[in-house]
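Here's the letter readout for the chains.
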Amino acid sequence: MSDPTRIIQKKISIKGVDQLKLFGLQDKNLRRLEERFKITIVARGTEIHLSGQADVVERLEKVLLELILMTTREQTITEKDLQTVLDLVNGTGSPAVMNDNLDTVILYTKDGVIKPKSSGQNAFYQKSFQNDILFAIGPAGTGKTFLAVAMAVAALRDKLVNRIVLTRPAVEAGENLGFLPGDFKEKIDPYLRPLYDALNDMIPADKLKRYLESRVIEIVPLAYMRGRTLNDAFAILDEAQNTSFNQMKMFLTRLGLNSKAIITGDITQIDLPDTGSSGLVQVRSIVSDIEGIEIIYLTERDVVRHRLVRDIIKAYEVYETNNNKSSHT
C-alpha cells in the first residue's frame, strides 16, 4: 500500500482556461485553497504546480479540476461555489471529474472535458504529437472526426498553429449539384455539417462565427484544396475513404511549414463506384514506411455512441466475412 504522507509533485494544465475566473481577483481563490490545504500553489504560465503530501495533493487536484470545469462553463466562481466544491471533495458528494485523469484531457469546453474514452482513442491522441500526418481508420462511432477536431481546436488555442482547415469529399452529392436547390454553399453545406457540429460543441457560438468569417477556421469541400499550400495550419480530411487516388495525393501535398494533418475514414463505408479505387485504401501501402506518418486503426471496441452501435458493427463484420467465404467456394 502506498504511503499517503509521501511527498509528490503534480502539474495541472490550465491551457485555454480564463485564469482570472479561476484564480479570482488578486488570486483570492488560490490563497483560500492554500490556507485550507496548507500547501503552496504555484501558477507558472499555463500550468499549476503542486507539491506536498500525496493525500493532500490528490484532494487539492480534485478541487482544482472541478473549478476549471466551472470556468469553462463561463461561470464566475463565488465564495459559495468554492465552499461547495470543498465540501464535495471532503466526502459529501462527487464532482463530475473527480476520477478523471488530467494528463489525457484534450480540451475544456462549456459542457465538460473532451478526452480519449478508449485505448484506441488514447493511441490516436498520443500519436498525434509524434507525427505530422496521422491517419485514423475505423468504423462509425469511434470518435475519429470529433477527436481530430478537438486536437485542432486545442492546437489553435495554444497558438501552435494559426488556422484550422477542415475538408471532406462531397461524393454523396455526386459531381452534378445542379439539381439541388440553392447556391453552391447551400448545396454543399449538408455534406460538411458534421464538421460544423463538432466545432459548435467546442467553441462558443460568437467566437466560432468570428473564426469562420476571418477564415481562421475554414470548412471547405476537398475540390477547393487544389493549388493551395497550408502553412501554420492544422488540416483535417474527413470521410477520406471517398477520396480518389489523385485527391488523396493532392491533399497530402498541401502541407506547408509548421503544419499537421489528420486524415479520418471508414474503409467499410466507401461510396465510390469502385471501392478498390479509394485513396484511403491505396495510401496505406504507399506512405506506411515514411517517418512522420502514422496509421492508427480503431475498432468496435472504441465505439463511444449507443451501445448497440458496437454490436451492429460486429454483426456486419460477421455477415461480410461469411458472405466473402461463400462467394469464394
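Residues numbered from 1 in each chain as written. Predicted model: local features only at pLDDT ≥ 70, side-chain atom pairs only at ≥ 80, totals over all residues. Heavy atoms only, no water.

A. Structural detail: the overall build of the protein chain. Broken down by element type, the protein chain carries 11 helices and 11 strands. For the protein chain, buried positions account for 45% of its 329 residues. Long-range pairs, those at least 24 residues apart, make up 70% of the contacts in the protein chain between residues at least 6 apart in sequence. A total of about 17,600 Å² of accessible surface is found on the protein chain, and carbon and sulfur atoms cover 50% of it. (Helix = DSSP H or I, 4+ residues; strand = E, 2+ residues; numbered from the N terminus. Buried < 20%, exposed > 50% of the residue type's maximum accessible area, 1.4 Å probe, protein only. Contact = heavy atoms within 4.5 Å. Areas by Shrake-Rupley, 256 points an atom, 1.4 Å probe, with all protein chains shown as cover.)

B. Expanded view of the nonpolar core. In this structure, Phe124, Leu199 and Met202 are the most contacted members of the largest nonpolar core, which totals 36 residues. Counting only elements with at least two residues in this core, the list comes to α5 (119-130), β6 (133-137), α6 (144-157), β7 (163-168), α7 (184-202), β8 (217-221) and β9 (233-237). Excluding residues within four positions of it along the chain, Phe124 makes contact with Leu134, Ala136, Lys144, Leu147, Ala148, Met151, Ile262 and Ile296. Among the nonpolar cores identified, the runner-up in size contains 30 residues, and Ile12, Ile14, Phe23 and Val63 belong to it. (Core = buried A, V, L, I, M, F, W, Y, C linked by side-chain atoms within 4.5 Å.)

C. Just the sheet that holds β8, in detail. Spatially, β8-β7-β9-β10-β6-β11 is the arrangement adopted by the six strands of the open sheet, whose pairing is parallel. Since the sheet does not close on itself, it has two edges, and those belong to β8 and β11 (293-297), each with one partner. On average, each strand axis in the sheet is inclined to that of its neighbour by 15 degrees, with strand direction left out of account. Two elements, β6 and strand β10 (residues 260-265), share five bridges in a ladder whose sense is parallel. (Pairing = 2+ DSSP bridges. Axes fitted to C-alpha atoms, helices over the stretch in contact; angles between N-to-C directions.)

D. Inspection of the environment of Ile48 at higher detail. Inspection of the secondary structure assignment puts Ile48 in strand β3 (residues 47-53). Counting along the chain gives 13 residues from Ile48 to Glu61, while the straight-line C-alpha distance between them is 9.8 Å. Beyond its immediate sequence surroundings of up to four residues, Ile48 is in contact with Lys10, Lys11, Ile12, Ile14, Leu22, Phe23, Ile41, Val42, Ala43 and Leu64.

E. Summary view of the pairing of β10. With five of six residues buried, β10 is to be regarded as a mostly interior element. Of the pairings in the sheet, the one linking β9 to β10 comprises four bridges and is parallel in character. Within β10, the residue paired with Leu237 across the bridge is Ile263. Tracing the backbone out of β9, into helix α9 (residues 245-252) and back to the parallel element β10 gives a crossover that is right-handed. (Right-handed = clockwise from strand over helix to strand, strands pointing away.)

F. Here's a closer look at unusual backbone geometry. Here the phi dihedral of Asp232 falls at roughly 50 degrees; this positive angle occurs in a residue that is not glycine. One can find Asp232 in the loop between β8 and β9.

G. Here's a closer look at a nonpolar patch on the surface. Together, Leu308, Ile312 and Tyr316 line one region of the surface with nonpolar side chains, adding up to about 310 Å² of accessible area. Turning to its location among the elements, Ile312 is positioned in helix α11 (residues 307-327). (Patch = residues over 30% accessible without salt bridge, like charges linked within 9 Å, V, L, I, M, F, W, Y side chains within 5 Å. Salt bridge = Lys/Arg side-chain N within 4 Å of Asp/Glu carboxyl O.)

H. Region of interest: empty space enclosed by the protein. One pass over the structure, following the stated rule, counts one cavity of 30 Å³ or more. Of the pockets and cavities examined, the largest cavity occupies roughly 30 Å³. As for the largest cavity, its lining consists of Ser128, Asn131, Asp132, Leu134, Phe234, Lys260, Ala261 and Ile262. Of all the elements, β10 adds the most residues to the lining of the largest cavity, at three residues. Classifying every residue of the lining of the largest cavity gives four nonpolar, two polar and two charged. (1 Å grid on protein atoms, 1.4 Å probe; cavity = no way out; pocket = protein on both sides within 12 Å on 5 of 7 lines; lining within 4 Å. Points joined across faces, edges and corners; volume = space filled by probe spheres on them. Nonpolar A, V, L, I, M, F, W, Y, C, P; charged D, E, K, R; others polar.)

I. Spotlight on the side chain of Asn131. As for its position among the elements, Asn131 is in the loop between α5 and β6. The residues contacting Asn131, other than those within four sequence positions of it, are Lys260, Gly292, Ile293 and Glu294.

J. Inspection of the sheet that holds strand β2 (residues 41-44) at higher detail. The three strands lie next to each other as β1-β3-β2, forming an open sheet whose pairing is antiparallel. The open sheet is flanked by β1 (7-13) and β2, the only strands paired with a single partner. When strand polarity is set aside, the average angle formed by the axes of neighbouring strands in this sheet is 20 degrees. Note that β1 and β3 share seven bridges and pair antiparallel. Each residue of the ladder has a partner; that of Ile12, found in β3, is Ile48.

K. Region of interest: the packing of α5 against α6. Across the interface, α5 lies against α6 with an axial gap of 11 Å and an inter-helix angle of 30 degrees. The element α5 and its partner α6 pack so that their crossing is right-handed. Taken together, the residues of α6 that come into contact with α5 (itself represented by Gln121, Phe124, Tyr125 and Ser128) are Lys144, Leu147, Ala148 and Met151. Within the contact of α5 with α6, the residues separate by chemical class into five nonpolar, two polar and one charged. (Left-handed = near helix turned anticlockwise from the far one by under 90°.)

It is worth stressing that arrangement in space is one thing and function is another; only the former is reported here.
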